[in-house]
Structure formats: structure tokens, C-alpha cells
Amino acid sequence: MDKLHYFADSIFLLSLPEKFTYPFHYTPHPLCVAAAGEVGRYLAAKGKWQEELRKGKMFGVLIVRTVEGKVGYLAAFSGILAGKNRHAYFVPPVYDVQEPDGFFGIEEKQISGINRRIEELQADVRYKDCKQRLADETVLAGQVLDEIRQRMKAAKEERDRLRSAVTQVDSEQLIRESQFQKAELKRQKQHWKNRLSSLQAEVEAFETEIERLKTERKTRSAALQQWLFKQFRMLNARGEERDLCDLFKDTVQKTPPAGAGECAAPKLLQYAYRNGWQPLAMAEFWWGDSPKNEIRRHGYYYPACKGKCGPILKHMLQGLHVEENPLETDMHRETELEIVYEDEWLSVVNKPAGMLSVPGKSDIDSVYGRMRRMYPEATGPMIVHRLDMATSGLLLIAKTKEVHQNLQAQFKNRTVCKRYVAWLDGIVEEKEGHIELPLRPDPEDRPRQVVDVVRGKTAVTDYRVLRTGMGGSAGGDSQTAPTFVSFVPKTGRTHQLRIHSAHPLGLNAPIVGDELYGKKADRLYLHAEYLGFIHPVSGIYMEVEKRAGFEDLW
């Protein structure tokens, strides 16, 4: 089959994986790296695609073993490539929405026809002219009636002045004048009401039809989307089949997001299952420039998105022997937690990389759990602030509720000074500076954050380059000269330092070991080394510092 590729180079020295890739947190298997390299060479040779490829796209590879025991790989792209969802080198979509004679294509044409009719009505000269005349005459009616009211007001004031000195006959004349003016105002109101009502009726005839078409479009689009989701019948290794509506019914959003089932990973697994091949390992990598808001780097490997692919892959991987989620590995259950400072009211601990600050969904140890056991008489939440699981460094612990409230107020008022150090995968030209990039969560791929100048929250960081390393990487495979920097965050957004490091509008150099925004390594080389705060009881300004221990790796 032209979709199954055998390696051009020998893979004799590469052993097969013992377990299938855990897609949301992984190091690509050497076979996947080899397959991705071959896909990259194929893409580089496709001259007509280069302009589109430069804009960036996610690709994926799946190592499979055939029924005959041969090992090869499949390749896929997310969404559409060069205007098509089918290309000879890549696996087909789970469901082909571009099939011209299929129900989806026919119904989509009908909806497109409704769109055109709406656009025609909105652009109709009669509609535009009628709306303009209605607007103009509404203004004119207001002006005419206002002038009449002003004249009536002036006339009334004059009548009031004359009434004390007029005869009975003159008084009756003034009354008739007032009655005439009121009747004239009433006649003018009715005149303009009739005139505007006629124009309003013409406008409403257009707008009623436009709204009817919009309602029909919305109803048919929603029905078509539901129908489409049901056509994506996803297999797993046990041969079980479930459609997208069923897979997403128990999620928070209840319905599948747009584009669900069209990412590379589900396409690859579906094609392998359809052909009876055994999936062995999988990886997804980015090709081309980074999108504006997200952070993607050419040639880097990325975990599967949880919003679109989480429920799908959870089903599709059933029946495979999958690697354990490393985030649920209790790697620090026996690790002694270092106390850097302690007194009667608070303590400062050095959290190791890979340990949770507070308990998560899984039953693994956390700083909070450790502190609860260490200080059973403590009151209040204890944990004053948090560090990412992958980040090491200083955490402030309050032993009483009152101390906790005081310290949290200091964090809220931004009077606490924090300093981090990190190795960055790249060279930073400016030796010190200020970064402001607003951040918000990516709802389809939590916990990833994106830069969003419209809806993002302010995130501010000061940085200073401390030194540049000699190249290579103690924790990964980078050959770029790394840069050792210090960060002083002025705000405390999720992944703030990671995004500000990796984003092209920031330092354009991800933190070494950042698998979300850069490349995975043996750890995330980010450490919270300094805390400065006012002691809640003594009022003394406290400074606590703990070196990272990885300053001299490069």
C-alpha cells in the first residue's frame, strides 16, 4: 500500500518500543524520529507546497507492525494540506468531508446557497436605499416636530404674557390659537408616522427574510455538524467503535469541538486499525513558522492536544499496552523535602522539579500533603503561592490562617519579590529587558497558554542575561548555545516565564526541557531561587535564596 512506508535507512540497530507512546507527555522514540526525518525530506521536496508549509502545520508519524511482522510507518497531517485532505503519501481522513457527491458536500452547498442569498439581500440596492431613506427621514421628522414644538413653546409664552391684559374676545382667540397648534402637531406626527411606517415596512420585509435565512442556516449547520460527528466512528485496538458525539458526551463541553477527529494522531490510529496493523509508537511534530498566538517551533515534537484529541485518544488507545503517564508517577514519595527557612509562623521549602505544589487528580505526593503531615497543628490553606510541577525552587508556607492571609495580600499587592533562573535554548541578544505579552489559557489544549492581545491578561517580566553556555545540552539534544538568565516576574500568570521565553515576541528561546513550548529534556531548567517579603509577625523584610544547582551545566 502506498500509505505504508518502509524505512529508507537501516533501522537494524533501533530496538522496538516495549510500550506504546503516552501521547500527552512523551519523548519521541528513535524510530519515530527516523520516520519524521523521512517525512521532512519528503515535504522539503514538494516545491508547490512550500509557501503553505512555511505558514506551519502539524504532522504525525505512527510506527506499525504488519500482519506479516514487517515494521514500517504511516504519516499524516492535521486538517487540510494544499486545499485537500487526501494526498498519496499520507493516510486518508477518518471521514472525507470533501467527497463531492456525499451528503455533507451536498448539504454544505445548500448552506452556501443560503449564505449567498443572505449576502445578496444585504447588498440589494433597494434594501440599502430604503434603509438610508428611513434613517434620513427619521432624522428629518425629528427636526420638523422639534421645530413645531419650539414654535408652540414660544407661542404659549407669548399667550401667557398677553392673558392678563386681553378682553374676553381676545382670550377666546388665544385659546383657539393654542388648540390649532396642538392639532397641527398631532397632524404632523400622524403624517410622519405614516410616512416612516411605509419605509419601515419595506425595510422589515428584507430583514425578516434575512433573519429567516439566518435561522435556517444556523439550524441546518448545527444538524450537519452533528451528522458529521456521527460519521467519525473511531476504532480502538479491541475493535470497538464509537462516534465523536458519544466520546464527548461526558466532557465539560458535552459536544465535540470543530475539527475533532481531523488531527494527525486519530487519523494514523484509525488507518492502522482498519488494516489490522499493530501500532508501536507515535509522535507529532511541527513544520514551518509558528502561529501568531500559539508557540510552535519548526521540527519540534509536541504532545497531542487534550481538548480535541483527549477523549478520542483515550478510547482509541484501549487495548494497547501504553506507557504510564509520567505526571502520575510518584517520583518524590521518598524524597526528603528541604526546609530552607523556618520559624514559628512560616517556613520556606525548596520544591524539587516534578513534585506538585498542591494535590492533583491522582494520588501522588505534594508539598501541601507533606506540610500537612509535618505541621498537623497548622491552620489555614498553608500553601501561599504555587510553582508548576516541572519547576523547582522556593515555596512559602504559612502555619496559621492569619499569616496565610497576610502573605497572600502581599502577593496580591505585588510587594513580594520573586526571582527565577533558567537555561534557555538559544541566544538572547539584548542583555536585559522588559517583556509584556498578555496571556490566556488555550481552552482546547490545557494547560497550554497563548498570547492574546485582545482577551489575554497582562503579564510582565523583567529579565537579565547572566551568561551564555558553550552549546549542546546536558538535558536534551539541542546544539544551540544556551543562555543562562534571571527573571523577575511582575505578575503571576500561568506559564508566564515559559511563554515569555519561547514566544517570538518575547526572547524567542524556550526554556531547556519545556516540552509544551520547546523541547523535552531530563527536566525543565527553571528554578525559583529568591523570595523577598515582609514577615507578617515581626515586620522585618525577609530575603530567602536557594541556588538552582544547575548553574554550571554548560
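Now for a description of the structure that goes with this document.

All right, on to the overall build of the protein chain then. When its secondary structure is counted, the protein chain shows 11 helices and 17 strands. Computed over the C-alpha atoms, the radius of gyration of the protein chain is 34 Å, more than 25% above the 24 Å expected from 2.2 N^0.38 for a compact globule of 554 residues. On the principal axes, the C-alpha backbone points of the protein chain span a range of 120 × 75 × 45 Å. Looking at the protein chain as a whole, 48% of its 554 residues are labelled buried. For the protein chain, contacts bridging at least 24 residues in sequence account for 68% of all contacts bridging at least 6. Put simply, the protein chain shows about 28800 Å² of open surface, and 51% of that area lies on carbon and sulfur atoms. Side-chain charges of the protein chain comprise 81 positive and 76 negative groups, with the mean position of each set lying 4 Å from the other.

Our focus in this paragraph is the sheet that holds strand E5 (residues 278–287). For sheets, the rule is that strands pair by backbone hydrogen bonds, running either parallel or antiparallel. The strand order E2-E1-E5-E6 describes an open sheet built from 4 strands, whose pairing is antiparallel. The outermost strands of the open sheet, each flanked by one partner alone, are strand E2 (71–77) and strand E6 (301–302). With 2 bridges connecting them, E5 and E6 associate as antiparallel partners. Its bridge partner lying in E6, Glu284 is registered against Tyr302. Across the face of the sheet, helix H7 (residues 264–274) comes into contact with strand E1 (57–65), E2 and E5 while running at roughly 140° to E2.

Here the second largest pocket defines a volume of roughly 490 Å³. Forming the boundary of the second largest pocket are 19 residues, of which Cys263, Glu294, Arg296, Cys305 and Lys308 lie nearest the centre. The residue makeup of the lining of the second largest pocket, split by class, is 8 nonpolar, 3 polar and 8 charged.

Right, let's talk about helix H3 (residues 103–123) for a bit. Spanning 21 residues, H3 covers 30 Å between terminal C-alpha atoms, matching the ideal 30 Å at 1.5 Å per step. Within H3, the full set of buried residues consists of Phe104, Gly105, Glu107, Ile111, Ile114, Ile118 and Leu121.

Under the definition given, this model contains 38 salt bridges. When the shortest N-O distance is used, the salt bridge between Glu294 and Arg296 registers 3.2 Å. Here Glu294 falls in the partly exposed class, since its relative accessible area comes to 25%. Judged by relative accessible area, Arg296 falls into the buried class, the value being 9%. Overlapping salt bridges, with partners in common, bring together Glu107, Glu209, Arg212, Glu216 and Arg220 in one network.

In terms of nonpolar packing, the biggest core is built from 43 residues, with Leu62, Leu74, Met234, Leu244, Leu269 and Ile312 touching the most fellow members. Those elements giving two or more residues to this core turn out to be E1, E2, H3, helix H5 (168–231), strand E3 (233–235), helix H6 (244–248), H7 and helix H8 (306–316). The residues touching Met234, leaving out its near neighbours within four places in the chain, are Val94, Glu240, Glu241, Arg242, Leu244, Leu247, Pro266, Gln270, Ile312, His315 and Met316. Within the second largest apolar cluster, 38 residues are counted, among which are Met355, Ile397, Tyr463 and Leu526.

Now for the side chain of Arg440. Here Arg440 lies in strand E12 (residues 439–441). A relative accessible area of 18% means that Arg440 is categorised as buried. There is a polar contact of 2.6 Å between the side chain of Arg440 and the side chain of Asp452. Contact partners of Arg440, with chain neighbours within four places excluded, come to Gln449, Val450, Asp452, Arg455 and Gly456.

The next point concerns the packing of aromatic side chains. Under the criterion given, the structure shown has 20 aromatic pairs. Among the aromatic side chains, those forming a connected cluster through ring pairs are Tyr42, Trp49, Phe59, Phe77, Tyr89, Phe90, Phe285 and Tyr301. Positioned above the aromatic ring of Trp49, the side-chain terminus of Lys46 is 4.8 Å from the ring centre. Taking the ring centre of Tyr525 as reference, the NZ or CZ of Arg523 above it sits at 5.5 Å.

This next bit is on the side chain of His25. Mapped onto the fold, His25 is located in the segment before helix H1 (30–44). Within the structure, the side chain of His25 is placed 2.8 Å from the side chain of Glu515, a separation counted as a polar contact. Leaving out residues up to four positions away in the same chain, His25 has contacts with Pro303, Asn325, Pro326, Leu327, Glu515 and Lys520.

You can see Glu51 is positioned in helix H2 (residues 50–54). Relative accessible area serves as the criterion here: at 56%, Glu51 is assigned to the exposed category.

Attention shifts here to unusual backbone geometry. The peptide bond linking Arg446 to Pro447 adopts the cis configuration, its omega dihedral lying at 10°. Structurally, Pro447 is set in the loop between E12 and strand E13 (449–451). For Lys254, which is not glycine, the phi torsion reads 70° and is therefore positive. Residue class for Lys254 comes out exposed when judged on its relative accessible area of 51%. Here Asn508, not a glycine, exhibits a phi torsion of approximately 55°, which is positive. Inspection of the secondary structure puts Asn508 in the loop between helix H11 (496–502) and strand E16 (526–534).

Attention now moves to the packing of H7 against H8. Interaxial distance between H7 and H8 falls to 10 Å at its minimum, and their mutual angle equals 25°. One way to sum up the angle between H7 and H8 is to call them roughly parallel. Here the hand of the crossing between H7 and H8 comes out left-handed. Here H7 contributes Ala265, Pro266, Leu269, Gln270 and Tyr273 to the contact with H8, which in turn contributes Cys309, Ile312, Leu313 and Met316. Classifying every residue of the contact of H7 with H8 gives 8 nonpolar, 1 polar and no charged.

Residue placement: Ser347 occurs in strand E8 (residues 346–351). Between the alpha carbons of Ser347 and Met371 there is a distance of 9.7 Å; along the sequence they are 24 residues apart. Setting aside residues no more than four positions away along its own chain, Ser347 makes contact with Ile339, Tyr341, Glu342, Met371, Tyr375, Leu395, Leu396, Ile397 and Lys399.

This part takes up the pairing of E1. For E1, a buried count of 8 out of 9 residues is recorded, marking the element as mostly surrounded by other parts of the structure. Pairing of E1 with E5 involves 9 bridges; the strand directions are antiparallel. Bridge assignment links Leu62 to a residue of E5, and that residue is Met282. Two strands pair when backbone bridges link them, and E1 and E2 are joined in this way by 7 bridges, in the antiparallel orientation.

Rules of the game
- Residues numbered from 1 in each chain as written.
- Predicted model: local features only at pLDDT ≥ 70, side-chain atom pairs only at ≥ 80, totals over all residues.
- Heavy atoms only, no water.
- Helix = DSSP H or I, 4+ residues; strand = E, 2+ residues; numbered from the N terminus.
- Rg over C-alpha atoms; globule rule 2.2 N^0.38 Å.
- Buried < 20%, exposed > 50% of the residue type's maximum accessible area, 1.4 Å probe, protein only.
- Contact = heavy atoms within 4.5 Å.
- Areas by Shrake-Rupley, 256 points an atom, 1.4 Å probe, with all protein chains shown as cover.
- Lys, Arg positive; Asp, Glu negative; His and termini not counted.
- Charge placed at Lys NZ, Arg CZ, Asp CG, Glu CD.
- Pairing = 2+ DSSP bridges.
- Axes fitted to C-alpha atoms, helices over the stretch in contact; angles between N-to-C directions.
- 1 Å grid on protein atoms, 1.4 Å probe; cavity = no way out; pocket = protein on both sides within 12 Å on 5 of 7 lines; lining within 4 Å.
- Points joined across faces, edges and corners; volume = space filled by probe spheres on them.
- Nonpolar A, V, L, I, M, F, W, Y, C, P; charged D, E, K, R; others polar.
- Expected span 1.5 Å × (residues − 1).
- Salt bridge = Lys/Arg side-chain N within 4 Å of Asp/Glu carboxyl O.
- Core = buried A, V, L, I, M, F, W, Y, C linked by side-chain atoms within 4.5 Å.
- Polar contact = N/O pair within 3.5 Å; in protein donor to acceptor, adjacent residues only side chain to side chain.
- Phe/Tyr/Trp six-rings, centres within 6.5 Å; stacked < 30°, edge-to-face > 60°.
- Lys NZ or Arg CZ within 6 Å of the ring centre and 35° of its normal.
- Parallel < 35°, antiparallel > 145°, perpendicular 65-115°, else oblique.
- Left-handed = near helix turned anticlockwise from the far one by under 90°.

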